[in-house]
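# A structural walkthrough
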Amino acid sequence: FDPKLQLMAIGTKSGAIKVYGAPGVEFTGLHKDTTAVTQIHFLPGQVSSMLATRVTVLLLLRSCDLLCIGTEGGGVYFLELPRLSLKDSQTLPDDYRCGKSLGPVESLQEHPQQSGKILIGYSRGLVVLWDLSARHAEQLFLGKQQLESLVWERSGNLFVSSHNDGGYSVWAVTNGNTYNHQPVSSTIPYGPFPCKAINKILWRTTQTGGGMPRASYGDRHCLTIQQDKDHVTLDFTSRVIDFFTVHSIEQENGKANYDDPSALVVLLEEELVVIDLQTPGWPTLPTPYLAPLHSSAITCSFHISSVPPKLWERLVNAGRSWPICGGKNLAPQPKQQELLLTGHEDGTVRFWDASGVALTPLYKLSTANVFHTDCDPSDDPQDPSDDPDMQQEEEWPPFRKVGCFDPYSDDPRLGIQKISLCKYSNKLVVAGTAGQVIVLGLSDERSDHLVDVSVVDLLQDREGFTWKGHDRLEPRLKPAPFPPGFQPLVLVQCLPPASVTAVALHAEWNLISFGTSHGFGLFDYHRRNAVLARCTLHPNDSLAMEGPLSRVKSLKKSLRQSFRRIRKSRVSGKKRTITTPTSKVQEANAALAEQEDVAPVQRRIEPRSADDSLSGVVRCLCFADTFLRDGTHHGPTLWAGTNSGSVYAYALEVPGVGSGRVCERGGAGESSVCVEAVLGKEIQLMHRAPVVSISVLDGRGKPLPDPYEASQDLAIAPDMTNAHSVLIASEEQLKVFSLPKVSAKTKFKLTAHEGCRVRKVALVVFGSTAQEDYSEHTLVCLTNLGDMHLFNIPALRPQVRYDCIRKEDISGIASCVFTKNGQGFYLISPSEYERFSLSAKVLTEPLCSVQLDRPLEPTPASCLSCPAPPSLSGNEDCCGDQSRVCLSSYKELTFTRPL
């Protein structure tokens, strides 16, 4: 951390250096070799990184003209800056060694008040106060324990050493006493027995009295903060890598005053944690970047563009000011607010601000409190173990769980599988692994209430099927407290309790639809009424009855299916043509777009057997106001697609939208008009390929607007005068059918042409860079090879193809989510999203600058700016080009623009 520039630098195992300042200010530097960065030090306006293996510690003097290097052999070397030329080397004379080997140099610390004097700490316990100008030792401090780290007290009269037995010692620096055998005090904070090593310790002074030693120690990943009687041991869930304090560096009249630390920044193996040291209790601060996406494993995601201001204001927590504030964010304010929702294995949904370059956490929703789980505390209020005050008194050390990273789920059935949010009605649908579908509404007040529960049997009394999987989650039978935010309104439990594979929400009609491996259902959450339950199981769908968490697997059937597919692939493979290279594919696509009458060479696609397991899995659901019964009357419809290429279309009668039947509810004489569903069409795709997506297009060939957009004039009204069509995307082809007759209009056989299968589909809007009011709707397909194919609609002419994700990255392809304006996100690791853009107009990139002062640089003053061209090489100099990023004049680093 550079307290003057207010920048933080992080080194990685892959040789990358990431520099962060104020929100929106971030840079990435890359070494040519993928060698771990072991140490980083800020020079004036630069960053110096060390990748050597035999160097144990570095110290940059405040004068910035000398770099001190400690080594494994116990020697100390001095390099002149900025040329990194060797000025001197120093080993301790034999008469100072006290008859023992010193071991590696563990710590180098410059005297805070007297320049040219440094503390040299050796592994075996010896500490030397060395005078650089006189080249002799002023004082020796003989410790008895193996040394881990050193830190000066601000006045320079005391320093602290930490040791491998879990203790630390305070030493006094005095004149006239060459040998010091006894520290002022020695403490093992959590003794009396030896503890794990204190790897690093800091000492900061405050005006409120007392010092604040901070030490990391132990295999529990802990760090201690102590000030007078205030004492807390921060207990993290991943290993402590490093930590620093944000504190004052100013001095009054040339004399030291106080450090007055404002924040403690802790870099962990899995996250960054910041502690507010100015607020009583030392709470954590929300981080505007580097938040742990994988605090619990991500299981699904959902993106919302153009979030309404009212919803945004209710979600955003004002929070506190961020202590790291270096650099200047030059990026303009986003034209629209964007949300990325991530579902997690522990039953939580996290809301992220995706409007800028960093994903900033806004809000976390937990669904676990809707159910009774194994981790619930005792309901007995007299149980002393439930009293947090009593726990605090009895526990020593005073542990406090800190951080978000928690990879272990208390109950895997809580895992979130599907999410849908209506940004206009503030209704949220969350579906999970055990068949639970929860409808939630946004509230600004805390509420204690009982959640309504409805059960929907998707088997519909089918005989011959027995569920062998996990049990359902038990809902709470008593009112539960729910904090402000999204609160559950109703729980719909699917039976059997299989994982939910698809959901759809139409808040304007108060309807939700959900699907599993057994079928799909329709539910009116306003009237708490189940409208429809349709079983999609084939007689041979035995695997659908076992569930993802079941240990009972039909090994014989799995092997039989595998051999059957192998035989088919061998037979069909003899008749297939060789896949053309990528460049040839692009040429073929271009030729196809220009000459539609030229049919390309097609691969033969073998029809899939109706006996394949899991053929009844519901892959997609869609609500639409369109023509299904005839060509003159339109109305609400529900569409469902399955793994076996079946498509079901239901005509809905919704009160207020169409006529509806009267149904009884509850009390005497109480009745209301209910929603009704009637099967209108049933389509079976020829090759039985799984249906990935269903979308209805209006009379102009454009996608229908979202709920509320047409009725509240938030979007252009759909064309209801000309004939509609439905776009059905399977894993093998794209096909447009006319409505209401459901006759084929046009298609594109992606598998036959390109040899790939469709994995994700989205309809996006691409805005023109030349004409502000012009845009086009385009179909984007992500395939199992990781490439993107773009088609115009409704003609399905191929427009362009991009390589995006490595074909070996199966999890990355599965996690991809598109935005409505042509961008997308996918996981490049369990903890990182990669953001990409297919649009020439909509780009999200860092635009920032840092003003640097380089008194040691012989060339004219240069700049640190962002972004840099991705092709910038380490052999190019800055030369005042504002588009380039230079952190070092030694040509060791390449700085690139994060994607």
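Predicted model, so just to flag it, every value in this text is computed and none were measured.

To continue, consider the overall build of the protein. Counting its secondary structure elements, the protein contains six helices and 65 strands. Evaluated residue by residue, the protein yields a buried proportion of 51% over its 899 residues. The long-range fraction of contacts in the protein, counting pairs at least 24 apart against all pairs at least 6 apart in sequence, stands at 56%.

A few words now on the UniProt feature "repeat: WD" (unreviewed entry) in the protein. The UniProt entry lists residues 339-353 under the feature "repeat: WD" (unreviewed entry), expressed in the numbering used here. When the span residues 339-353 is considered, its composition is 0% helix and 80% strand, and the gap between its end C-alpha atoms is 5 Å.

We now examine the pairing of strand 59 (residues 798-803). The pairing of strand 58 (residues 787-792) with strand 59 spans five bridges and is classified as antiparallel. Bridge pairing links F791 to P798 in strand 59. Hairpin geometry of strand 58 and strand 59 is characterised by an intervening segment of five residues between the two adjacent antiparallel strands and by a positive phi of about 60° at L796.

If you walk through the whole model with that rule in mind, you get 17 aromatic pairs. Ring geometry for Y289 versus W322: centroids 5.5 Å apart, planes at 85°, classification edge-to-face. Placement of the pair is Y289 in the loop between strand 26 (284-285) and strand 27 (298-304) and W322 in the loop between helix 1 (309-315) and strand 28 (328-329), with a sequence separation of 33 residues. Judged by its relative accessible area of 1%, Y289 falls in the buried class. With relative accessibility at 12%, the residue W322 sits in the buried group. Taken together, the ring pairs connect F141, W152, F159 and W171 into an aromatic cluster. Above the face of the F243 ring, K200 is positioned so that its terminal group lies 4.9 Å from the ring centre.

Now for the pattern of salt bridges. Evaluated as defined, the whole model comprises 24 salt bridges. D524 serves as the salt-bridge partner of R527, at 2.7 Å between the closest nitrogen and oxygen. Measuring nitrogen to oxygen at the nearest pair gives 3.1 Å for the salt bridge that ties R801 to D787. Of this pair, R801 sits in strand 59 while D787 sits in strand 58; the two residues are 14 residues apart in sequence, bridging distant segments of the chain. No difference in accessibility class separates R801 from D787, as the two residues are buried. Salt bridges linked by common partners bring R619, E731 and R759 together as one network.

Below, the discussion takes up empty space enclosed by the protein. If a probe as big as a water molecule is rolled over the atoms, it shows which places are left empty. Throughout the structure, instances matching the rule amount to three cavities of 30 Å³ or more. Estimates place the volume of the second largest cavity at around 50 Å³. Considering only residue class, the lining of the second largest cavity consists of five nonpolar, two polar and two charged.

Let us now look at the sheet that holds strand 29 (residues 339-344). Strand order in the open sheet formed by four strands is 27-29-30-31, and the pairing between neighbours is antiparallel. Because the sheet does not close on itself, it has two edges, and the strands there are strand 27 and strand 31 (360-366). Here the average twist between neighbouring strands, direction ignored, is 20°. Relative to strand 29, strand 27 runs antiparallel, the two sharing six bridges. Within strand 29, the residue paired with C300 across the bridge is G343.

Moving residue by residue along a regular strand, the side chains alternate between the two faces of the sheet. Strand 52 (residues 691-697) sits mainly inside the fold: seven of its seven residues count as buried. Looking at chain direction, strand 52 and strand 53 (residues 725-730) are connected through six bridges and run antiparallel. By the bridge assignment, S695 is partnered in strand 53 with L727.

Here we take up the side chain of Q6. Checked against the element boundaries, Q6 lands in the segment before strand 1 (8-11). According to the relative accessible area criterion, Q6 is buried, its value standing at 15%. Residue contacts for Q6: discarding those within four places in its chain leaves F1, Y20, G21, V246, P323, I324, C325 and G326.

All right, on to unusual backbone geometry then. That bond from L495 to P496 is cis: its omega, -5°, falls within 30 degrees of zero. Assignment of secondary structure puts P496 in the loop between strand 41 (485-495) and strand 42 (502-506). Following I793, the chain continues to P794 via a peptide bond in cis, the omega torsion being 5°. Relative to the helices and strands, P794 is located in the loop between strand 58 and strand 59. Phi is positive for V742, which is not a glycine, with a value near 55°. With respect to the helices, strands and loops of the structure, V742 is situated in the loop between strand 54 (734-738) and strand 55 (743-748). Look at V742 and you get buried, because its relative accessible area is 18%. A positive phi angle is found at L796, which is not glycine, with a value near 60°.

Let us look at the environment of C325. You can see C325 is positioned in the loop between helix 1 and strand 28. Placed 303 residues apart in sequence, C325 and A22 show a C-alpha to C-alpha distance of 3.9 Å. Discounting residues that sit within four places of it in the chain, C325 has contacts with Q6, G21 and A22.

This part is about the sheet that holds strand 43 (residues 511-515). If you trace the four strands from one edge of the open sheet to the other, you get 42-43-44-45, paired in antiparallel fashion. Each edge of the open sheet carries a strand with a single partner, namely strand 42 and strand 45 (529-535). Each strand of the sheet is rotated relative to its neighbour by a mean of 10°, with strand direction disregarded. Alignment of strand 44 (residues 519-524) against strand 45, held across six bridges, turns out to be antiparallel. In the strand pairing of strand 45, G519 is matched with C535.

This next bit is on the environment of P539. Examined against the element boundaries, P539 turns out to sit in the loop between strand 45 and helix 3 (555-573). Residue classification places P539 among the exposed residues on the basis of a relative accessible area of 67%. Linking P539 and S615, residues 76 residues apart in sequence, is a C-alpha distance of 9.9 Å.

With that out of the way, let us pick up the environment of I10. The topology assignment puts I10 in strand 1. With relative accessibility at 12%, the residue I10 sits in the buried group. Spatially, the C-alpha atom of I10 lies 8.4 Å from that of Y20, the residues being 10 residues apart in sequence. The contact partners of I10, leaving out residues within four places of it in the chain, are A16, I17, K18, Y20, I40, L267 and L290.

What counts and what doesn't
- Residues numbered from 1 in each chain as written.
- Predicted model: local features only at pLDDT ≥ 70, side-chain atom pairs only at ≥ 80, totals over all residues.
- Heavy atoms only, no water.
- Helix = DSSP H or I, 4+ residues; strand = E, 2+ residues; numbered from the N terminus.
- Buried < 20%, exposed > 50% of the residue type's maximum accessible area, 1.4 Å probe, protein only.
- Contact = heavy atoms within 4.5 Å.
- UniProt positions renumbered as here; feature names shortened; annotations may be inferred.
- Pairing = 2+ DSSP bridges.
- Phe/Tyr/Trp six-rings, centres within 6.5 Å; stacked < 30°, edge-to-face > 60°.
- Lys NZ or Arg CZ within 6 Å of the ring centre and 35° of its normal.
- Salt bridge = Lys/Arg side-chain N within 4 Å of Asp/Glu carboxyl O.
- 1 Å grid on protein atoms, 1.4 Å probe; cavity = no way out; pocket = protein on both sides within 12 Å on 5 of 7 lines; lining within 4 Å.
- Points joined across faces, edges and corners; volume = space filled by probe spheres on them.
- Nonpolar A, V, L, I, M, F, W, Y, C, P; charged D, E, K, R; others polar.
- Axes fitted to C-alpha atoms, helices over the stretch in contact; angles between N-to-C directions.

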